[in-house]
Amino acid sequence: VQLQASGGGLVQTGGSLRLSCAASGRTFSLYTMGWFRRAPGKEREFVAGINWSGFSTTYADSVKGRFTISRDNGKNTVELQMNSLKPEDTAVYYCAADYSRREFAVRPDPTMYDYWGQGTLVTVSS
């Protein structure tokens, strides 16, 4: 699976961005998809994840109520709608695929993810 993330950019505090991740391959529906981020000087952290069917989602506490993850298995895409952005959301955002074989639960552990996109930079100005 190859992943291509896009949609990053510069936005003011309180603004919105929509990240998209396009996946290659015909087995997209076998993967749990996740978004992670790495801020300057910090470790990579889990942001949001969605299971193969879209019926199970998990969010980091820091983004709950502001971010929404979704997927379209017909188009092999996963998106992250980010609202009410804050300066602390500034980071490089990565999409990742976990070959979970259609498990229900989302695993937030980045070591469980098999494939990673190249990252897209989100900068939130104060």
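First things first, this report covers the structure right here in the doc. (Residues numbered from 1 in each chain as written. Predicted model: local features only at pLDDT ≥ 70, side-chain atom pairs only at ≥ 80, totals over all residues. Heavy atoms only, no water.)

Going through the model one piece at a time under the given rule, you end up with one disulfide. Put simply, Cys21 and Cys95 are joined by a disulfide, and their sulfur atoms are 2.1 Å apart. Across the S-S bond of Cys21 and Cys95 the torsion is about 60 degrees, and the bridge reads as right-handed. Highlighted residues: Cys21 in strand β3 (residues 17-23) and Cys95 in strand β9 (residues 91-98), separated in sequence by 74 residues. Take Cys21 and Cys95: they sit in the same class, and that class is buried. (Disulfide = S-S within 2.5 Å. Helix = DSSP H or I, 4+ residues; strand = E, 2+ residues; numbered from the N terminus. Buried < 20%, exposed > 50% of the residue type's maximum accessible area, 1.4 Å probe, protein only.)

Counted by the stated rule, this structure contains six aromatic pairs. Note on Tyr31 and Tyr115: the rings are 6.0 Å apart at their centroids and 70 degrees apart in plane angle, and the pair reads as edge-to-face. Residue Tyr31 is located in the loop between β3 and β4 (32-38), and its partner Tyr115 is located in strand β10 (residues 115-116); the two are separated by 84 residues in the primary sequence. Look at Phe36 and Phe46: their rings are 5.5 Å apart centre to centre, the planes differ by 75 degrees, and that puts the pair in the edge-to-face class. Of this pair, Phe36 sits in strand β4 while Phe46 sits in strand β5 (residues 45-50), and the two are ten residues apart along the sequence. Of the two residues, Phe36 and Phe46, neither departs from the other in class, the shared state being buried. (Phe/Tyr/Trp six-rings, centres within 6.5 Å; stacked < 30°, edge-to-face > 60°.)

Backbone geometry places Asn76, a non-glycine residue, at a positive phi of 55 degrees. Here Asn76 shows up in the loop between β7 (67-72) and β8 (77-82). You will see that Ser84, though not glycine, has its phi angle at about 50 degrees, which is positive. Accessibility expressed as a relative area gives 41% for Ser84, which makes it partly exposed.

Strand order in this open sheet of four strands is β1-β3-β8-β7, and the pairing throughout is antiparallel. Only two strands of the sheet have a single partner each, and these edge strands are β1 (3-6) and β7. Put simply, the sheet's adjacent strands are angled 15 degrees from each other on average, direction ignored. Of the pairings in the sheet, the one linking β3 to β8 comprises six bridges and is antiparallel in character. Within β8, the position partnered with Ala22 by the bridge is Thr77. (Pairing = 2+ DSSP bridges. Axes fitted to C-alpha atoms, helices over the stretch in contact; angles between N-to-C directions.)

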